[in-house]
Structures are given as structure tokens and as C-alpha cells.
Amino acid sequence: NTEQNNILILLYPIATPENVRYSINVQDHFVRFVYHDSMPPDSIDVNLNESEYNSIKLLCDSVDSSQPIKIGEEALDTWELSLFINDKIC
């Protein structure tokens, strides 16, 4: 399979996806962690070795993106996470 997976995880205070605080983007053999609550945003870039990349790809391939994943119930003073694989929300 030569398809490249793009994985994006957004973390934000509950029910406010327009206020992303952290993002993790995995694309090819590269990961970027961004803290959006600073000016300018702080970021850390990490290169993945082949084993790390294959583990993430296996996880990505195992997610059934046709079924939304809902875990738990909403609570105050907590965080929400959105997972996108190849630009489709899971």
C-alpha cells in the first residue's frame, strides 16, 4: 500500500473546537507537536524511524473512519479531542 496517511489530532477545551490549544500532526515519517496558546505558536518537530512510522500506520489503518468514535460523556473543565485521518474526522 503506497497511500500516505496523514493523521491530525486536535486538543481543545470541551465544546470549543475553534479554540485549538494543541495539535499533533503525523505525516509520512515526521511528527509536529504545536502549542497554539502562545504567540507565535511553539512547535516541536520529530522524525520517526521506520518502526515508529509502521506502528502509527498500523494504528491508522485499523481505525474504521466510517464510524464516529464517542467515548464518555461531556464534563466541565475538561478537554476534547478530534482525530482526522486523511482529512476525514473519525
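The structure contained in this document is the topic of the report that follows. Computed from a predicted structure; not experimentally measured.

Reading the values: rules and limits
- Residues numbered from 1 in each chain as written.
- Predicted model: local features only at pLDDT ≥ 70, side-chain atom pairs only at ≥ 80, totals over all residues.
- Heavy atoms only, no water.
- Helix = DSSP H or I, 4+ residues; strand = E, 2+ residues; numbered from the N terminus.
- Buried < 20%, exposed > 50% of the residue type's maximum accessible area, 1.4 Å probe, protein only.
- Contact = heavy atoms within 4.5 Å.
- Areas by Shrake-Rupley, 256 points an atom, 1.4 Å probe, with all protein chains shown as cover.
- Pairing = 2+ DSSP bridges.

1. A closer look at the overall build of the chain
Step number 1: A count of helical and extended segments in the chain gives one helix and six strands.
Step number 2: Its helices and strands in sequence order give the chain the pattern β-β-β-β-α-β-β, from N to C terminus.
Step number 3: Evaluated residue by residue, the chain yields a buried proportion of 22% over its 90 residues.
Step number 4: Considering only residue pairs separated by 6 or more positions, the chain has 40% of its internal contacts joining residues 24 or more positions apart.
Step number 5: For the chain, the computed accessible surface area is about 6,700 Å², with 55% contributed by carbon and sulfur atoms.

2. A word on the side chain of asparagine 6
Step number 1: Topologically, asparagine 6 is positioned in strand β1 (residues 6-13).
Step number 2: For asparagine 6, a relative accessible area of 18% translates into the label buried.
Step number 3: Not counting chain neighbours up to four residues away, the residues in contact with asparagine 6 comprise Asn25, Val26, Gln27, Phe84, Ile85, Asn86 and Asp87.

3. Let's talk about the sheet that holds strand β6 (residues 88-89)
Step number 1: With antiparallel pairing, six strands are arranged side by side in an open sheet as β4-β3-β2-β1-β5-β6. The sheet is open, and its two edges are formed by β4 (42-47) and β6, each paired on a single side.
Step number 2: As paired strands, strand β2 (residues 22-27) and strand β3 (residues 30-35) are joined by six bridges and run antiparallel to one another. When the sheet's bridge partners are listed, serine 23 is paired in β3 with valine 34.

None of the figures reported here should be taken as evidence of function without further support.
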